[in-house]
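Structural features, examined
Now for the letters of each chain:
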Amino acid sequence: MNLKILLPFQIFADKTGVSRIVAETREGSFGLLPRRLDCVAALVPGILIYETELEGEVYVAVDEGVLVKSGPDVLVSARRALGGTDLGQLRGAVEQEFLTLDQHEQSLRSVLAKMESDLIRRMATFHNG
């Protein structure tokens, strides 16, 4: 298989000769082998594993994103990715960087929603008054 990991402003990895891929979704981990049917999966922050003959098993921490398999090509599009050889450190990076930022984004969205509702309420007051 051919694996390409895309980030918003760069190509993180472009690999050929990939024999298997393991990715994490909300339903759990799933594996891809070369003859698997085409599919699309929503990824959650976690560890993506791929294996090539030259490199062996490679671990990549990925933020949430999308995986698309079409024929021999597998495309992973994620917001962020980190490579490394120590699986424990990568898992810690996922927990610290990716999941913490998601909590920050949720609180920011909550504040923005309150501001929007306040603005709408004030506009309704001007319109009715």
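Here, every reference points to the structure presented above.
Reading the values: the criteria
Residues numbered from 1 in each chain as written. Predicted model: local features only at pLDDT ≥ 70, side-chain atom pairs only at ≥ 80, totals over all residues. Heavy atoms only, no water. Helix = DSSP H or I, 4+ residues; strand = E, 2+ residues; numbered from the N terminus. Rg over C-alpha atoms; globule rule 2.2 N^0.38 Å. Contact = heavy atoms within 4.5 Å. Areas by Shrake-Rupley, 256 points an atom, 1.4 Å probe, with all protein chains shown as cover. Lys, Arg positive; Asp, Glu negative; His and termini not counted. Charge placed at Lys NZ, Arg CZ, Asp CG, Glu CD. Buried < 20%, exposed > 50% of the residue type's maximum accessible area, 1.4 Å probe, protein only. Salt bridge = Lys/Arg side-chain N within 4 Å of Asp/Glu carboxyl O.

Let's talk about the overall build of the protein
Per the secondary structure count, the protein includes 1 helix and 10 strands. N-terminal to C-terminal, the α/β element order of the protein is β-β-β-β-β-β-β-β-β-β-α. Its C-alpha atoms give the protein a radius of gyration of 20 Å, more than 25% over the compact-globule value 14 Å for 129 residues. Each principal axis of the C-alpha atoms in the protein carries an extent, and together these give about 70 × 30 × 30 Å. Taking contacts inside the protein between residues at least 6 apart in sequence as the whole, the part at least 24 apart equals 48%. Element-wise, carbon and sulfur atoms account for 57% of the exposed surface of the protein, whose accessible area totals about 8,500 Å². Positive and negative charge centroids in the protein, built from 14 and 18 side chains respectively, lie 6 Å apart.

Focus: the environment of Ser77
Within the fold, Ser77 resides in strand S9 (residues 73-78). Among the residues examined, Ser77 registers a relative accessible area of 38% and is labelled partly exposed. C-alpha of Ser77 to C-alpha of Lys4: the two residues are 73 residues apart in sequence and 8.4 Å apart in space. Beyond its immediate stretch of four places on either side in the chain, Ser77 contacts Leu6, Gly65 and Val66.

Some thoughts on the pattern of salt bridges
Inspection of every chain in the model, using the stated rule, returns 8 salt bridges. The partner of Arg79 in a salt bridge is Asp63, with the nearest N and O atoms 3.5 Å apart. Linking Arg79 in the loop between S9 and strand S10 (81-84) with Asp63 in the loop between strand S7 (56-62) and strand S8 (65-70), this pair joins segments that are 16 residues apart in sequence. According to the relative accessible area criterion, Arg79 is partly exposed, its value standing at 31%. Overall, Asp63 belongs to the buried group, its relative accessible area being 0%. With a closest N to O distance of 3.3 Å, Asp118 and Arg122 form a salt bridge. Of this pair, Asp118 and Arg122 are both found in helix H1 (residues 87-128), 4 residues apart, which corresponds to roughly one turn of the helix. Salt bridges here are not isolated pairs; linked through shared partners, they connect Asp63, Glu64, Arg79 and Arg80.

Keep in mind these values describe shape, not function.
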